[in-house]
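Residue-level listing of the chains:
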Amino acid sequence: MYVAVKGGEAAIANAHRLLADRRRGDRTVPALRLDQIVEQLALGVDRVMSEGSLYDRELAALAVVQARGDMIEAIFLVRAYRTTLPRFGYTNPVDTGAMQLERRVSATYKDLPGGQVLGPTFDYTHRLLDPELAAGADVETPAQRSAEVEAMPRVSAILAHEGLIEVDGEMPLDHVPGDITREPLQFPMARDIRLQALSRGDEGFLLALGYSTQRGYARNHPFVGEVRIGEVELELDVPELPFAVPLGSIRVTECQMVNQFKGSAKAPPQFTRGYGLVFGQSERKAMAMALCDRALRAGELGEDVVAAAQDEEFVISHSDNVQATGFVEHLKLPHYVDFQAELGLVRRMRAEYEARENEDKAAEEKREAAE
Amino acid sequence: MRGQEAREQAGRKALMATLAHAAADEIARLWNESGLPSEAELLRGPETGLVTVRGRIGGGGAPFNVGEATVTRATVRLPSGQVGHSYALGRDKGKARLAAIADALWQDPAHREAVETKLAAPLRAALDAARETRRVETAATKVDFFTMVRGED
């Protein structure tokens with residue numbers, strides 16, 4: 001028998017009304033504008049774009065406000081919005097070597113073409129809270145230095161000359177990049193599909209897994225060959241025009257992780273690589289992604305799969321925080337009938353258990369009495 | 001003829017790139033000052049959709065899908081018959097419409113010069129200046145290494 005129970009409409013409507021009120025907060029405090037969030041909480045906006053897998057700053061800012069700053073809720077909102085739009089096509093692959101750079105550092109080469117360019121980084125700050133910021137002090141304009149325009153090739157291209165580092169990841173020429181938004185996940189999966197999943201994966205989850213590889217669970221001796229942040233141009237092939245149409249530029253963060261590798265039956269000793277590419281400015285995420293990408297290549301490189309970070313099905317199946325939060329949070333929704341059924345079952349088992357206990361006790365007493 | 005055609009396409013593409021990068025209100029402001037006509041029949045859109053951004057494994061290897069971006073596009077036809085297209089990141093429909101008209105006007109020899117000088121040139125100058133500012137601000141954060149000599153001889 002199935003009994004549908006209805007109710008709660010008024011409670012739900014009032015709860016949402018209360019949510020709107022609490023979201024707005026004290027009415028004497030000015031309401032946030034989206035441009036304030038885009039400009040001043042830019043890295044939060046970037047995270048929502050990266051994990052929401054949708055590059056649109058205003059929408060991400062709206063999601064952040066609507067979610068009251070709850071990032072995973074904001075990411076969920078963006079993912080839901082994405083599904084309402086038609087898809088015009090796939091862009092031509094971005095050229096990160098031609099990036100308009102805002103930051104570029106390498107931990108492997110001090111003197112590389114283009115140099116070490118720090119950009120707007122938290123590195124080397126003292127991590128002391130700044131009371132002047134709280135007081136709304138004016139901010140200096142940035143320093144400028146006129147410099148020749150220099151090409152800044154990717155570090156991987158420099159290392160490649162010695163032949164001691166593997167080349168960029170190749171696929172058969174007829175390979176069509178897989179798309180997890182179109183086809184369900186299937187294991188084992190090709191590296192291109194893994195990278196798509198990792199790029200939208202949860203920063204915290206990937207960070208923890210990347211950290212685990214450093215602590216010895218699938219140790220792979222990483223160096224940051226390069227981290228670069230900046231704008232890349234997007235172009236789209238469309239049938240109505242005889243050339244790829246320019247769409248404008250987006251900010252991305254790229255990480256080339258270089259890993260020592262002592263060689264295996266499948267590959268000679270060399271430096272292997274992990275790759276990270278994410279929307280916006282987020283080198284933590286790009287680095288974590290690159291560590292995970294490298295760890296997940298264990299099978300390809302003939303390494304033993306001994307740790308969580310190397311287990312493709314484990315990592316990719318649990319990296320999506322929208323799926324994860326959906327399944328964890330659904331537990332709080334009404335499970336009254338399920339629970340009643342389980343309650344009945346536990347009552348019956350308990351009654352049987354107690355009956356058995358009583359029988360045993362009675363038998364014991366009888367035996368003792370006989371002795 | 002082939003060289004001529006290639007130059008033609010490069011010019012048209014450069015205009016589309018400039019319009020895609022430019023802010024909507026800047027395009028609208030320059031348009032109002034330019035005296036360019038803005039009557040056109042909308043053949044498609046303006047409509048917003050997604051493109052899937054592709055990267056390459058390792059930076060230069062096989063392509064993979066990174067994620068989506070919003071794009072708005074429009075197609076228009078001028079009273080004189082030219083058809084213009086526009087595509088740009090974001091969701092600005094007014095910008096998409098004006099950019100498509102600009103593309104159509106550019107194809108009309110009677111208007112190309114005005115589109116280039118009154119619209120594209122000032123937009124390009126502003127974009128170049130902004131890009132240059134970013135570049136020199138970034139360059140100021142470049143590390144100059146120097147060697148410290150410690151001890152005697």
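Structure shown above.
Figured I'd write up the structure that's included with this text.

Each value, and the rule that gives it
Residues numbered from 1 in each chain as written. Chains lettered and ligands numbered in written order. Predicted model: local features only at pLDDT ≥ 70, side-chain atom pairs only at ≥ 80, totals over all residues. Heavy atoms only, no water. Contact = heavy atoms within 4.5 Å. Buried area = accessible area lost by both parts, 1.4 Å probe. Salt bridge = Lys/Arg side-chain N within 4 Å of Asp/Glu carboxyl O. Helix = DSSP H or I, 4+ residues; strand = E, 2+ residues; numbered from the N terminus. Pairing = 2+ DSSP bridges. Axes fitted to C-alpha atoms, helices over the stretch in contact; angles between N-to-C directions. Core = buried A, V, L, I, M, F, W, Y, C linked by side-chain atoms within 4.5 Å. Buried < 20%, exposed > 50% of the residue type's maximum accessible area, 1.4 Å probe, protein only. Domains from an automatic or database assignment. Parallel < 35°, antiparallel > 145°, perpendicular 65-115°, else oblique. Left-handed = near helix turned anticlockwise from the far one by under 90°. Nonpolar A, V, L, I, M, F, W, Y, C, P; charged D, E, K, R; others polar. Expected span 1.5 Å × (residues − 1). Arc of directions from axis to C-beta. Polar contact = N/O pair within 3.5 Å; in protein donor to acceptor, adjacent residues only side chain to side chain.

## Thoughts on the interface of chain A and chain B
Then, number 1: At the junction of the two partners, chain A supplies 78 residues and chain B supplies 53 residues.
Then, number 2: Between chain A and chain B lies a buried interface of about 5,800 Å² when both sides are counted; carbon and sulfur atoms form 60% of it.
Then, number 3: Of all residues in chain A, the largest losses of buried area upon contact with chain B belong to F88, R145 and L247 of chain A, amounting jointly to 13% of the total for that side.
Then, number 4: Linking chain A to chain B there are eight salt bridges.
Then, number 5: Between D56 of chain A and R91 of chain B there is a salt bridge whose closest N-O contact spans 2.6 Å.
Then, number 6: A total of nine residues in the side of chain A that touches chain B trace back to one element, the largest contributor, which is strand β5 (residues 245–261) of chain A.
Then, number 7: Here strand β1 (residues 54–55) of chain A pairs with strand β2 (residues 63–77) of chain B via two bridges, running parallel. Following the sheet pairing, L54 of chain A is matched in β2 of chain B by E68 of chain B.

## Some points on the sheet that holds strand β4 (residues 222–236) of chain A
Residue and element names in this part refer to chain A.
Then, number 1: Read from one edge to the other, the open sheet built from four strands follows the order β3-β4-β5-β6, with strand pairing classed as antiparallel. With one partner strand each, in any of the chains shown, β3 (100–105) and β6 (270–279) form the two edges of the open sheet. Between one strand and the next, the sheet's axes are offset by a mean angle of 20°, whatever the strand orientation.
Then, number 2: Relative to β6, β5 runs antiparallel, the two sharing ten bridges. Residue pairing for β6: C255 is matched across the bridge by G276.

## Thoughts on the nonpolar core
Then, number 1: Ranked by internal contacts, the top residues of the largest apolar core, which has 74 residues, are V48, L198, L236, V245, L247 and I250 of chain A together with Y87 of chain B.
Then, number 2: When residues of this core are assigned to their parent elements, the largest contribution, seven residues, is made by helix α10 (residues 283–295) of chain A.
Then, number 3: Per-domain counts for this core show at least three residues from each of domain 1 (9–82) and domain 2 (96–119 + 150–169 + 176–326) of chain A.
Then, number 4: The residues touching L198 of chain A, leaving out its near neighbours within four places in the chain, are L206, K285, M289, C292, D293, L296, V315 and I316 of chain A.
Then, number 5: I27, W31, L36 and A96 of chain B belong to the second-largest nonpolar core, a separate cluster that totals 23 residues.

## Concerning the packing of helix α4 (residues 57–66) of chain A against helix α5 (residues 71–82) of chain A
Residues and elements named next belong to chain A.
Then, number 1: Look at α4 against α5: their axes get within 8 Å of each other, and the N-to-C directions meet at 130°. Regarding the angle of α4 to α5, the classification is oblique. For the pair α4 and α5, the sense of crossing is right-handed. The segment α4 lies against α5, with L59, A60, A63, V64 and Q66 engaging A74, L77, V78 and Y81.
Then, number 2: Across the contact of α4 with α5, the residue classes break down as eight nonpolar, one polar and no charged.

## Examining the pattern of salt bridges
Then, number 1: Counted under the stated rule, the structure contains 44 salt bridges over all chains.
Then, number 2: Measuring nitrogen to oxygen at the nearest pair gives 2.8 Å for the salt bridge that ties R145 of chain A to D144 of chain B. Of this pair, R145 of chain A sits in the loop between α6 (131–134) and α7 (155–159) while D144 of chain B sits in the segment after α4 (109–139), placing the two residues on different chains.
Then, number 3: Residue classification places R145 of chain A among the partly exposed residues on the basis of a relative accessible area of 27%.
Then, number 4: One salt-bridge network, held together by shared partners, links R82, R87 and D179 of chain A together with E68 of chain B.

## Focus on α5 of chain A
Then, number 1: Here α5 of chain A spans 17 Å end to end across twelve residues, near enough to the 16 Å set by a 1.5 Å rise per residue.
Then, number 2: Every buried residue of α5 of chain A is listed here: A74, I75, V78, R79 and R82 of chain A. One side of α5 of chain A holds all its buried residues, which, seen down the axis, span an arc of 140°.
Then, number 3: On the buried face of α5 of chain A, the contacting elements are α3 (42–52), β1, α4 and α13 (321–329) of chain A together with β1 (41–56) and β2 of chain B.
Then, number 4: The residue sitting at the N-terminus of α5 of chain A and contributing the capping side-chain oxygen is D70 of chain A; that oxygen lies 3.2 Å from the backbone nitrogen of I72 of chain A.

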